[in-house]
Amino acid sequence: MNESRLILSRRRLLTGLASAGGLAAAGCSQSQPPTYGNVLRMADQFTYRAQRLLLPEHSLVKQYGRGDITSMPATGSTDPGDEKADGFDAQLGPEYARLHAGEFAAWRLPVEGSVARPASFTLADLARFPARTQITRHTCEEGWSAITEWTGVPLRTVLAAAGIRASARYVNFYTYDGQIDSIDMFDALHPQTLIAYGMNGRALPLQHGAPVRLRVERQLGYKSLKFLHRVVVTERFYDPGKAGPIDSGWAWYVGI
Ligand SMILES: Nc1nc2c(c(=O)[nH]1)N[C@H]1C(S)=C(S)[C@@H](COP(=O)(O)O)O[C@H]1N2
Ligand SMILES: [Mo]
């Protein structure tokens, strides 16, 4: 890369990050989760408030050493392309099976919605961004935890490349097993929130979400969606009904 292109792309990145900084600041003053008003979701309100007010900076979760890595069971969906499996999606399932058979060479991750430059990333595109590796504890709502090394690109780097608009508030994730969930901009811009393509030094295994999954280290395990299919930035909170956590009785916000 020659020097002028480097300066140009750095400047573009800085512009992106400056507006991201503004969004993070807006996130700090926000003390109600979008599920506010639902009596059954009063606990979300408490943890969300506490975390947004008491942890106004992006405080990092603990990172461990290589010697702390444990085994990690694969839970929930372990192959969206398996028509006999729970959560098989009639449209996305066969598409996933085809992409898997082709070793994900034809897989693309669209990043669209409230962004200046909608984009669609190949695995190689994602790998070209500066990578981050972190060893963290995954805590499942079912009561187990595991310590694992994750490698990927920080979500905020991808969002900066797509140029999130100043009015953007949520990032929604769609998966190949038909799940849809969202996080707010505060968690989306957290430095440990990753689009992960590596696990314990290898490509992300099928059952753990190949080719890429989300890591939302500041929330419980079910927010770390596997098998990512699409990322949509929105200005308003979107409740996907049956495809999302709220409809099944799970909290939208599960900060840890
Ligand atoms: N697409 C998708 N993502 C998912 C799930 C799932 O079933 N489908 N399960 C969630 C739950 S409850 C947990 S605890 C973690 C488990 O990740 P693992 O299978 O890699 O251990 O993934 C989360 N992400
Ligand atoms: Mo979980």
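Located above this text is the structure these notes cover.
All of these numbers come straight from a predicted model, not from anything done at the bench. (Residues numbered from 1 in each chain as written. Chains lettered and ligands numbered in written order. Predicted model: local features only at pLDDT ≥ 70, side-chain atom pairs only at ≥ 80, totals over all residues. Heavy atoms only, no water.)

Visitor: How would you summarise the overall build of the chain if you had to cite specific residues and measurements?
Guide: When its secondary structure is counted, the chain shows 6 helices and 10 strands. A total of 256 residues make up the chain; the buried ones form 48% of that total. Nonlocal contacts in the chain, meaning residues at least 24 apart in sequence, comprise 68% of its contacts between residues at least 6 apart. Of the roughly 12,500 Å² of accessible surface on the chain, 54% is carried by carbon and sulfur atoms. (Helix = DSSP H or I, 4+ residues; strand = E, 2+ residues; numbered from the N terminus. Buried < 20%, exposed > 50% of the residue type's maximum accessible area, 1.4 Å probe, protein only. Contact = heavy atoms within 4.5 Å. Areas by Shrake-Rupley, 256 points an atom, 1.4 Å probe, with all protein chains shown as cover.)

Visitor: Tell me about the environment of Arg-236, residues and numbers included.
Guide: By the element assignment, Arg-236 lies in the segment after β10 (228-234). Relative accessible area serves as the criterion here: at 69%, Arg-236 is assigned to the exposed category. A C-alpha to C-alpha distance of 10.0 Å links Arg-236 and Asp-184, two positions 52 residues apart in sequence.

Visitor: Describe the nonpolar core, and please don't skip the residues or the numbers.
Guide: Counting residues in each nonpolar core, the largest one holds 36 residues, and the members touching the most others are Leu-126, Leu-159, Val-171, Phe-173 and Met-185. Breaking this core down by element, the ones donating at least two residues are α3 (92-101), β1 (109-113), α5 (155-162), β5 (170-175), α6 (185-188), β7 (194-199) and β10. Broken down by element, this core gets its largest block of residues, 4 residues, from α5. Not counting chain neighbours up to four residues away, the residues in contact with Leu-159 comprise Val-111, Ile-164, Val-171, Met-185, Ala-188, Leu-189 and Val-233. Membership of the second largest hydrophobic core comes to 9 residues, among which are Trp-144, Ala-146, Ala-196 and Leu-204. (Core = buried A, V, L, I, M, F, W, Y, C linked by side-chain atoms within 4.5 Å.)

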